[in-house]
Amino acid sequence: MQFEMMSTSQMDWRLRCQTCHTAYDVGPMVRGCPNCATSGKIGLLELVRTSPLNPDGFTKRVGRGLDRWLDFLPIQDKGAFLSLGAGGTALIPSRIIGKRLGIPQLYFKLEQQNPTASFKDRFVAMSANAARSFGFRKIVVSSTGNLAISVAAYAAALEMESMVIVPHGTPPGILAEASFYNARIAVTERDLRFAALEMTAQRPDWFPIGLFLAKPIQNAFGVEGYRTFAYEVVEQLGEAPGAMLFPCARGNGLYGAYKGFLDCKEAGAIAALPRLVATQPEKANSIEVSIARGYNCAVELPPFQSVAKSTSETVSSDNALDAIRASGGVGLSASEGEIQNAASSLAEEGLNVETSSALPVACLPKLSRADGFDRDRPVVCILTAGGQRWMDQTKHTSPRVFEASTIAEFERALDAK
Ligand SMILES: [Zn+2]
């Protein structure tokens, strides 16, 4: 398959407000739209191309991962961009789960192959490099896990300082890993996290990565990295999948991929968008509820701590709802037991994923019974992160461990069933 898109220069990008549509030159505007702010409103800024993709021009892509797509991403200084090798993760066919469910072309996208073992590296590569290109030397984030580690790593690589704000109860392994990259770590009450993040972000020398302030403000750069999900999957399959499933907290990964699929369609690389499917825990299913009720603004649900920790979010982004509707997709959820069983099924496939990353597999049975599901098209599950970081919290119902102090004892265990 030829996958050609015209390269774009930085001049081809602007920040545009999703509410009042005012456009701004690209810069470190992390507090939302200034025009909306004058009337006391919050306007979410988004990076948009100002000229269409040219499907005829560009073919000389080199490198791998994000480095392969620099011409298609809003990057200020391509020469200085430091990806740490993010992206370019494998897409592998299922051997077992697809057969069980009667989905012959079921694929897993292995995001644990990213430099810090999660899909957040696509987000942080974009936002940390943007911060540095704007002259910042300090980045701050509030996170319970994968995002914190990614920010710590990219700060180190880009010779920046990082401050990571985590709640009490964050596993010691997470703190150790962030510390290993020389991040400063603030452990606070859960409710204090966003206030601490906002205070830091108000200092002129700190750049916030990820969410801050109330919904929906975040820096506009990170989500752009998720466009590469679409570019990679279209290249790997040679076509658009029929459906693509994401574990979702706010749904930024899904939304960024949607923008990437729009690029692919505009470039003529695919004929139609895949159905984008959000998967969430049953009691943290803001997307499923909002879609079912026909809401344009995502509903906020009571807090719930799922075994799928990274997706235990009370509210999704409105952008994710738009992307799901525009692609003919759906929001699904799974019970705690279904999520854990799905993680075990992935272990049978030789895959150790974070519990949250098992959500797409947990929701596959529901998807396969849904209206319009085409089981003869490729179905892609985005497995967002590796499970190695979370093994302390993984439940093993029957650990197969034995102790042997003599070779005879060892032999008895060896021969036991
Ligand atoms: Zn505005």
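Residues numbered from 1 in each chain as written. Predicted model: local features only at pLDDT ≥ 70, side-chain atom pairs only at ≥ 80, totals over all residues.

With respect to the packing of helix H3 (residues 120-133) against helix H4 (residues 146-157)
1) Next: As a packed pair, H3 and H4 sit with axes 9 Å apart at the nearest point and diverge in direction by 45°. Here H4 runs oblique to H3, going by the angle between their axes. Considering the relative orientation of H3 and H4, their crossing is right-handed. Contacts between H3 and H4 involve Lys 120, Asp 121, Val 124, Ala 125 and Ala 128 from the first element and Asn 146, Leu 147, Ser 150, Val 151, Tyr 154 and Ala 155 from the second.
2) Next: Looking at side-chain class alone, the contact of H3 with H4 contains 7 nonpolar, 2 polar and 2 charged residues. (Axes fitted to C-alpha atoms, helices over the stretch in contact; angles between N-to-C directions. Helix = DSSP H or I, 4+ residues; strand = E, 2+ residues; numbered from the N terminus. Parallel < 35°, antiparallel > 145°, perpendicular 65-115°, else oblique. Left-handed = near helix turned anticlockwise from the far one by under 90°. Contact = placed C-beta atoms within 7 Å. Nonpolar A, V, L, I, M, F, W, Y, C, P; charged D, E, K, R; others polar.)

Notes on the sheet that holds strand E3 (residues 45-49)
1) Next: Read across the open sheet, the 3 strands follow the order E2-E1-E3; overall the sheet is antiparallel. Two strands in the sheet have a free side with no partner beyond their single neighbour: strand E2 (23-24) and E3.
2) Next: Here strand E1 (residues 13-17) runs beside E2; their pairing, made up of 2 bridges, is antiparallel. In the strand pairing of E2, Arg 16 is matched with Ala 23. (Pairing = 2+ DSSP bridges.)

Focus on the sheet that holds strand E8 (residues 184-188)
1) Next: The 4 strands are arranged E8-E7-E6-E9 in an open sheet whose pairing can be described as parallel. The sheet is open, and its two edges are formed by E8 and strand E9 (206-208), each paired on a single side. Across the sheet, the axes of successive neighbouring strands diverge by a mean angle of 25°, strand direction being ignored.
2) Next: Across 5 bridges, strand E6 (residues 138-142) lies against strand E7 (residues 161-167) in parallel orientation. Bridging from a neighbouring strand, Lys 138 pairs with Glu 161 of E7.
3) Next: Most of the contacts of helix H6 (residues 193-202) go to E6, to which it runs at about 165°, and overall it touches E6, E7, E8 and E9.

Side note on the domain arrangement of the chain
1) Next: Taken domain by domain, the chain comprises domain 1 (91-116 + 222-393) and domain 2 (120-208).
2) Next: Between the C-alpha centres of domain 1 and domain 2 there is a distance of 25 Å.
3) Next: In this complex, domain 1 contributes 15 residues to the contact, which on the side of domain 2 involves 16 residues.
4) Next: In terms of residue class, the side of domain 1 that touches domain 2 is built from 4 nonpolar, 7 polar and 4 charged. (Domains from an automatic or database assignment.)

Let's talk about the environment of Thr 200
1) Next: Looking at where Thr 200 falls in the secondary structure, it is placed in helix H6.
2) Next: When the 21 C-beta atoms within 10 Å are taken as the criterion, Thr 200 is described as buried.
3) Next: Sequence separation of Thr 200 and Val 289 is 89 residues, and the distance between their C-alpha atoms is 34 Å.
4) Next: The contacts of Thr 200, once residues within four sequence positions are left out, are Val 140, Met 163 and Trp 206. (Buried ≥ 20, exposed ≤ 12 C-beta atoms within 10 Å, placed from the backbone.)

Describing the pairing of strand E12 (residues 330-334)
Consecutive side chains of a regular strand alternate in pointing toward one face of the sheet and then the other.
1) Next: Burial within E12 is extensive, with 5 of its 5 residues counted as buried.
2) Next: Here E12 shows a buried face lined by Val 330, Leu 332 and Ala 334 and a second buried face lined by Gly 331 and Ser 333.
3) Next: Taken together, the 5 bridges between strand E11 (residues 275-281) and E12 define a ladder with parallel strand orientation. Its bridge partner lying in E12, Val 277 is registered against Val 330.

Thoughts on the nonpolar core
1) Next: Grouped together as the largest cluster of nonpolar side chains are 108 residues, with contacts concentrated most on Ala 128, Ala 148, Val 151, Val 164, Met 244 and Leu 254.
2) Next: In terms of residue count, H4 provides more of this core than any other element does, 8 residues in total.
3) Next: Looking at which domains feed residues into this core, each of domain 1 (91-116 + 222-393) and domain 2 (120-208) gives three or more.
4) Next: Not counting residues within four places of it along the chain, the set of residues in contact with Ala 128 comprises Ile 139, Val 151, Tyr 154, Ala 155, Leu 158 and Ile 209. (Core = buried A, V, L, I, M, F, W, Y, C linked by C-beta atoms within 7 Å.)

Re the environment of Gly 102
1) Next: Relative to the helices and strands, Gly 102 resides in the loop between helix H2 (97-101) and strand E5 (106-110).
2) Next: Discounting chain neighbours no more than four positions away, the residues touching Gly 102 are Ser 368 and Arg 375.

Section: unusual backbone geometry
1) Next: We note that Leu 84 has phi near 60°; this positive angle belongs to a residue other than glycine.
2) Next: Tracing the chain through its elements places Leu 84 in the loop between E3 and strand E4 (91-93).
3) Next: With phi around 70°, Ala 117 is a residue other than glycine that occupies positive phi space.
4) Next: Structurally, the position occupied by Ala 117 is in the loop between E5 and H3.
5) Next: Overall, the presence of 21 C-beta atoms within 10 Å leaves Ala 117 in the buried class.

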